[in-house]
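Coordinates in review
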Amino acid sequence: RRRLAQSLFALFASSLAISLVFAIIPLCHDVLVLAVVMAVAGLAMGCIDTISNMQLVKIYQKDSAIFLQALHFFVGFGALLSPLIADPFLSDTNCILSNGTANASSNLPHIRKSLVPHHPGNLSHYDLPMKGMVVTRVSYAFWIMALINLPVPIAVFFLLYKERMVPCFNGSSHPLLSADELALETRPGDKDELPAAGHRPHAAAGHTDLFSCCQSQNFRGASYTYFAVHVTGALVLFMTDGIVGEYSGFVYSYAVEEPLAVVHKVAGYLPSLFWGFITLGRLISIPVSYRMKPATMVFINVVGVLITFLLLLIFSSSVVFLFVGTASLGLFLSSTFPSMLAYTEDILQYKGCATTVLVTGAGIGEMVLQLLVGSIIHDRGSYSFLVCGMIFGCLAFTFYSLLVFFHRMYPKPSPELDEASPDKAAVPEDTGQYQR
């Protein structure tokens, strides 16, 4: 119960911090202050991502795939909805107008064209005013997002209050659910009351808290396949989440360049199409994950990404297929993260550190691969954008094959040991609950 309270307090603080950050961003007039504020937002979002995934896995275990798909559907839905909220407040001209820039808006398409990474062009003849009348209303978009997010910390605090986890307000409230209906984490002292004679598996404490993965005693006696499953699972998400980041970030730049030369306004629909089909794919994956194993879903996703990039390379001069391929790529990438998380945790019998390791690997991949692809496009041209995606897809498939190989080699618990373990005595097999 104490650890559940810690997780909820961390969710409350992180979600409240995001609302505060969105409210503060329009008031930042120094790039250093803005960088610090954005760093705080990234830290808060990382905490929410890790804790929410970890808690769902701990509570539902073998049934967690459905709930993870639902969780990531709302992640994609938020990514799709946010630009739509901001769009009415964006200016069609320069954000700052001076007396000498009355016709500045007519230069914007040419400036955008010149800012494509591998053709920086000569911007000295464009007058970009730094002082003048501010005409943008984008601040309202940030404040609206801050208000939209505000019910989240309020709801988490209400849950803390109803579960009597707020020290100052724990006298008269009644819990929303009984201890039996919550996870075993809300039950007092089951683990502490168990006999000390039994020897627990080496990784039984893998989900006790966010930092348990860093404790060396959890690795004693672990086989190499235990580490290999963590590493290969993280590398698969390093590649697939990296593809999500680099494709959504550079597909616009690729589309407006030769040989496609798509109109800027039409090319602007590509990132929205990509995120729209990611959201649609996650919605479809909720009922599909009920009937299909996570390993099968990951295989379909990785192979689908590989085939899509291959076809995009073959039909690289077709604008129509660029839109079709973008939609297809969004569908195949949509459920990769939650399916891989459920699959890896299932291999480790929910006693490893897979959630923390996989979330970290996915975040690093999304950051690193964008920087890598950006520098390659700068040197090699826009076509290298698809070549990089193909290479990343091949690597994702390779790491997935290694994960399946290590899965087959990973030692399965014997029925005798499983029945004799303290965990088994405390947790019915089909309750979907977990032992702390």
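In this text, all values refer to a predicted model and were calculated from it rather than measured experimentally. (Residues numbered from 1 in each chain as written. Predicted model: local features only at pLDDT ≥ 70, side-chain atom pairs only at ≥ 80, totals over all residues. Heavy atoms only, no water.)

What about the overall build of the protein chain?
Looking only at helices and strands, the protein chain has 16 helices and two strands in total. Relative to its 436 residues, the protein chain shows a buried fraction of 43%. For the protein chain, restricting intrachain contacts to residue pairs at least 6 apart in sequence, the fraction spanning at least 24 positions comes to 76%. Accessible surface for the protein chain amounts to roughly 22600 Å². Of this, 68% is attributable to carbon and sulfur atoms. (Helix = DSSP H or I, 4+ residues; strand = E, 2+ residues; numbered from the N terminus. Buried < 20%, exposed > 50% of the residue type's maximum accessible area, 1.4 Å probe, protein only. Contact = heavy atoms within 4.5 Å. Areas by Shrake-Rupley, 256 points an atom, 1.4 Å probe, with all protein chains shown as cover.)

A look at the packing of aromatic side chains
Per the counting criterion, the structure on display carries 17 aromatic pairs. Centre to centre, the rings of Tyr140 and Trp143 are 5.9 Å apart; their planes meet at 75°, and the pair counts as edge-to-face. With Tyr140 and Trp143 both in helix α5 (residues 138-149) and three residues apart, the pair spans about one turn of that helix. On the basis of relative accessibility, which here comes to 34%, the residue Trp143 falls in the partly exposed class. An angle of 85° between the planes, with centres 6.3 Å apart, marks the rings of Tyr224 and Phe406 as edge-to-face. Of this pair, Tyr224 sits in helix α7 (residues 224-256) while Phe406 sits in helix α14 (residues 384-409); the two residues are 182 residues apart in sequence, bridging distant segments of the chain. Overall, Tyr224 belongs to the exposed group, its relative accessible area being 52%. Here a set of aromatic residues connected by ring pairs shows up, and it is made of Tyr247, Tyr254, Phe274, Trp275, Phe309 and Phe385. (Phe/Tyr/Trp six-rings, centres within 6.5 Å; stacked < 30°, edge-to-face > 60°.)

Things to note about a nonpolar patch on the surface
Together, Leu27, Tyr140, Trp143, Ile144 and Ile148 make up a nonpolar patch on the protein surface, roughly 480 Å² of accessible area in all. Turning to its location among the elements, Ile148 is positioned in helix α5. (Patch = residues over 30% accessible without salt bridge, like charges linked within 9 Å, V, L, I, M, F, W, Y side chains within 5 Å. Salt bridge = Lys/Arg side-chain N within 4 Å of Asp/Glu carboxyl O.)

Notes on the nonpolar core
Among the nonpolar cores identified, the biggest contains 64 residues, and Tyr247, Phe309, Leu322, Met340 and Phe385 are the most heavily contacted of them. The greatest single-element share of this core, amounting to 15 residues, is contributed by α7. Taken together, domain 1 (1-92 + 137-166) and domain 2 (224-412) each give at least three residues to this core, which thus spans both. Apart from the residues within four sequence positions on either side, Phe309 is in contact with Ile243, Glu246, Tyr247, Leu329, Leu386, Gly389 and Met390. Ala5, Leu11, Val156 and Leu160 belong to the second-largest nonpolar core, a separate cluster that totals nine residues. (Core = buried A, V, L, I, M, F, W, Y, C linked by side-chain atoms within 4.5 Å. Domains from an automatic or database assignment.)

Observations concerning the environment of Lys412
Looking at the secondary structure, you find Lys412 in the loop between α14 and α15 (415-420). Judged by its relative accessible area of 71%, Lys412 is exposed. Separated by 65 residues in sequence, Lys412 and Ile347 place their C-alpha atoms 8.8 Å apart.

A short note on the confidence of the model for the protein chain
Low-pLDDT portions of the prediction should not be read for the details of their coordinates. Confidence along the protein chain averages 76 in pLDDT terms, with 71% of residues attaining 70 or more. Throughout residues 101-128 the model reports pLDDT below 50, and contacts reaching past four residues in sequence, or to other chains, amount to 36 contacts. Predicted confidence is poor over residues 416-436, with pLDDT under 50, and the contacts of this stretch with residues over four places away or in other chains come to 43 contacts. (pLDDT = per-residue confidence, 0-100.)

Side note on the environment of Pro411
Here Pro411 shows up in the loop between α14 and α15. Pro411 sits in the partly exposed class, given a relative accessible area of 48%. Apart from residues no more than four positions distant in its own chain, Pro411 is found in contact with Ser223 and Thr225.

Focus: the packing of helix α3 (residues 64-86) against helix α9 (residues 269-291)
Between α3 and α9, whose axes approach to 8 Å, the crossing angle comes to 165°. Between α3 and α9, the interaxial angle falls into the category roughly antiparallel. Once α3 is placed against α9, the crossing between them reads as left-handed. Where α3 approaches α9, its residues Ala65, Ile66, Gln69, Ala70, His72, Phe73, Val75, Gly76, Phe77, Ala79 and Leu80 are matched on the opposing element by Ser272, Trp275, Gly276, Thr279, Arg282, Leu283, Ser285, Ile286, Ser289 and Tyr290. Split into classes, the residues belonging to the contact of α3 with α9 amount to twelve nonpolar, eight polar and one charged. (Axes fitted to C-alpha atoms, helices over the stretch in contact; angles between N-to-C directions. Parallel < 35°, antiparallel > 145°, perpendicular 65-115°, else oblique. Left-handed = near helix turned anticlockwise from the far one by under 90°. Nonpolar A, V, L, I, M, F, W, Y, C, P; charged D, E, K, R; others polar.)

Description of unusual backbone geometry
Pro259 follows Glu258 through a cis peptide bond whose omega is 10°. Summarising the element assignment, Pro259 is placed in the loop between α7 and α8 (264-267). The phi dihedral of Ala261 is positive, around 50°, even though this residue is not glycine. Note that Ala261 resides in the loop between α7 and α8.

Focus on helix α12 (residues 336-347)
Given a rise of 1.5 Å per residue, twelve residues ought to cover 16 Å, and the 16 Å separating the end C-alpha atoms of α12 matches this to within 8%. Burial analysis of α12 places eleven of its twelve residues in the buried class, the great majority of the element. If you check which residues of α12 are buried, you get Thr336, Phe337, Pro338, Ser339, Met340, Leu341, Ala342, Tyr343, Thr344, Glu345 and Ile347. Two residues or fewer after α12 comes Gln349, characterised by a positive phi angle close to 55°. (Expected span 1.5 Å × (residues − 1).)

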